[in-house]
Amino acid sequence: MPYGLPYVARGQKIGLLGGSFDPPHAGHVHITKEALKRFDLDQVWWLVSPGNPLKDRGPAKLARRMAAAREIMDHPRVHICDFESQVGTRYTAETLAVLQGKCPQVRFVWLMGADNLAQFHRWKDWQEIMARVPVGVLARPGDRIAARTAKAAQVFRQARLHPGQNRLLGQAPAPAWAFVNMPMRSISSSQIRENGSWSKG
């Protein structure tokens, strides 16, 4: 596969976890492993972004974040990618369009924490994202009610899968989304940066 993407067979279900990973931490590892199980995914790709357009301050250097991600996420079905940096996309909708063009045989699922769903309507072309791929939402502490009442959840309420169908998410035609309640790690990248154990170096 080009751009350092792993080989995938036709029809495989690939979860995409995007973010700055500044830094990657045990919470990212936890939701990735849960997503593999709960949505019956074949692989998960971490899309380590050059930067988050919604954040004013830039992250640590991409090479450092990629190295840290590979160190903490050691799983045969999880792959660390700098696809956005290589193809020059900045927004998720653009990234998905290019990925689908490069890998038309793959069934992609966008993964996010419930905190992201709560402000998903602020993302550029967020309705296009919902129209392109199914979305798997993993609940984080304190975010469940806010996520369920989020604008995106309301607009696409008819597209939400019944909890008993969550494992079918990767096969569902978009728009489709699933919400998973699960024990979550309370750690966050911002907390790690604030306590001084991760510098932009």
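Above: the structure in question.
Residue indices begin from 1 for each chain and proceed along its sequence in written order. A pLDDT threshold of at least 70 governs which residues receive local features in this predicted model, and a stricter bar of 80 or more applies before side-chain atom pairs are shown or counted, although totals over entire chains, interfaces and linings include all residues. The side-chain values count all of the structure's non-hydrogen atoms but skip hydrogen atoms and water molecules.

1. Quick word on the nonpolar core
Rules: We define the nonpolar core as a collection of buried residues of types Ala, Val, Leu, Ile, Met, Phe, Trp, Tyr and Cys that are connected through side-chain atoms lying within 4.5 Å of one another. Burial status follows relative accessibility: with a 1.4 Å probe on protein chains alone, a residue under 20% of its type maximum counts as buried, one over 50% as exposed, and anything between as partly exposed.
By size, the foremost hydrophobic cluster in this structure holds 34 residues, and its most contacted members are Leu 16, Trp 45, Phe 108, Trp 110, Leu 117, Phe 120 and Trp 177. Formed by 27 residues, the second largest nonpolar core is a distinct cluster that contains Val 29, Leu 41, Met 73 and Val 109.

2. Considering helix α4 (residues 92-102)
Worth spelling out the cut-off: Elements are defined by DSSP. Helices are runs of H or I of four residues or more, strands are runs of E of two residues or more, and each kind is numbered from the N terminus. In this description, one arc is meant: the one made by directions from the helix axis to the C-beta atoms. Note on definitions: a residue-residue contact is assigned when non-hydrogen atoms from the two residues lie within 4.5 Å.
Along α4, the positions that sit buried rather than exposed are Thr 92, Ala 93, Thr 95, Leu 96 and Leu 99. Within α4, the buried residues cover an arc of 160° as seen down the axis, which keeps them to one side. Where α4 is buried, its residues meet β1 (13-19), β2 (43-48), α3 (83-87), β4 (107-113) and α6 (126-132).

3. A short note on the pairing of β1
Side chains on a regular strand alternate between the two faces of the sheet. Short version of the rule: Strand pairing is assigned whenever DSSP detects at least two bridges linking the two strands. With the strands pointing away from the viewer, any crossover whose connection runs clockwise from the first strand over the helix to the second is right-handed.
Most of β1 is tucked away, with five of its seven residues classed as buried. In the sheet, β1 pairs with β4 via five bridges, with the strands oriented parallel. Looking at β4, one finds that Leu 16 is bridged to Trp 110. In terms of strand pairing, β1 meets β2 through six bridges, oriented parallel. Within the sheet, the bridge partner assigned to Leu 17 lies in β2 and is Trp 46. Taken together, β1, helix α1 (residues 26-38) and β2 form a β-α-β motif whose crossover is right-handed.

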